[in-house]
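A structural walkthrough
Spelled out from the first residue to the last, the chains are:
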Amino acid sequence: MGFIDSFSDAVNRMIDRASGPEAKEAVNRVTEAIGEKVNAVIDGLSVSASDPVSVLSPAKPLIKRSYEMYLYDEKGKDFKVSASFSLSGDFVESKTNAGEIEAVYLYDPDCTDMFLPFGLNESRPYLMLAPDIDEVYCTVKEYLECGKAKFAIWLQPSEHPNMLFRAKFDYYGDFMIMYGFQRSDGSPGGMCLVYKKSIDGTSLCGKLLTELDEAAATYREDKTAEPIENT
């Protein structure tokens, strides 16, 4: 017998022992009040189950991340650039064989490793620097030409001076929030957060977007070598 059934039996016994109509009415009022409290608790549990952030710990401290890349100047010469930004320790460095992705980090706040493999159809949220995917390359080009992005769900100017805009896309069945920017050679760049649609609008999603904002605000590129001749 569950809690609710036991409680109901107890209330019925109280009513049977009540000596008159006034006593029975008082018991009924108490029962209704307790029932409202129970329903409120049940509703609260339902909300918590649908919004996983209610049991999440605060974001881990920021960690400086960096990687190197080669870009081209206006004369077609290579130059080496070090890209860096600060990202919460909730994200762990990973790697993918996709050539259009320069760097990728998986959201796994309980992980204690320095590196995690990136799986096919990865279900965890992840942040990537991906200048050559269509959503980045074409959208930055279009935005620079006309200030719009026809394939974006929404697009808004960025509050960060090093970024052009922030936009939302459908991305292979997931959602992707992207900061678009121009790299040191003027070519399109994109910092993207990819996550399952099922967490959209939850506090977990809000936490992830805050961490994306922090990464975007701190992104910078520094030239590390003089241009060299192509071979």
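Here's a quick rundown of the structure. (Residues numbered from 1 in each chain as written. Predicted model: local features only at pLDDT ≥ 70, side-chain atom pairs only at ≥ 80, totals over all residues. Heavy atoms only, no water.)

One pass over the full model with this rule turns up 8 aromatic pairs. Ring geometry for F91 versus Y107: centroids 5.4 Å apart, planes at 65 degrees, classification edge-to-face. With F91 in strand β3 (residues 91–94) and Y107 in strand β4 (residues 103–107), this residue pair connects regions lying 16 residues apart in the sequence. For the pair shown, F91 and Y107 are each scored as buried. Where Y171 meets Y172, the ring centres are 4.9 Å apart and the plane angle is 85 degrees; that geometry is what we call edge-to-face. Overall, Y171 belongs to the buried group, its relative accessible area being 9%. Ring pairs connect the aromatic residues F85, Y105, F181 and Y219, which therefore count as one cluster. The side chain of K168 reaches across the aromatic face of F175, ending 4.2 Å from its centre. (Phe/Tyr/Trp six-rings, centres within 6.5 Å; stacked < 30°, edge-to-face > 60°. Helix = DSSP H or I, 4+ residues; strand = E, 2+ residues; numbered from the N terminus. Buried < 20%, exposed > 50% of the residue type's maximum accessible area, 1.4 Å probe, protein only. Lys NZ or Arg CZ within 6 Å of the ring centre and 35° of its normal.)

Here we come to the side chain of S158. Relative to the elements of secondary structure, S158 occurs in the loop between β6 (154–157) and β7 (165–171). A relative accessible area of 17% means that S158 is categorised as buried. For S158, the side chain forms a polar contact with the main-chain nitrogen of H160, separated by 2.9 Å. Beyond its immediate stretch of four places on either side in the chain, S158 contacts M163, L164, F165, R166 and Y179. (Polar contact = N/O pair within 3.5 Å; in protein donor to acceptor, adjacent residues only side chain to side chain. Contact = heavy atoms within 4.5 Å.)

With that settled, consider unusual backbone geometry. Backbone geometry at Y172 places phi at a positive 50 degrees, although glycine is not the residue there. Take Y172: it is sitting in the loop between β7 and β8 (174–182).

Bringing the sheet that holds β4 into the picture now. Strand order in the open sheet formed by 7 strands is β3-β4-β5-β9-β8-β7-β6, with antiparallel pairing between adjacent strands. The open sheet terminates on both sides in strands that have one partner only, identified here as β3 and β6. Strand-to-strand, the axes of this sheet are offset by a mean angle of 20 degrees, without reference to chain direction. Direction of pairing for β4 relative to strand β5 (residues 126–129): antiparallel, over a ladder of 4 bridges. Residue L106 lies in a different strand from β5, and its bridge partner there is Y126. The strands touched by helix α3 (residues 134–146) are β6, β7, β8 and β9 (188–195); relative to β9, the strand with the most contacts, the crossing angle is about 125 degrees. Strands in contact with helix α4 (residues 203–218) are β3, β4, β5, β7, β8 and β9; relative to β9, the strand with the most contacts, it is inclined by about 160 degrees. (Pairing = 2+ DSSP bridges. Axes fitted to C-alpha atoms, helices over the stretch in contact; angles between N-to-C directions.)

That is the geometry; function is a separate question.
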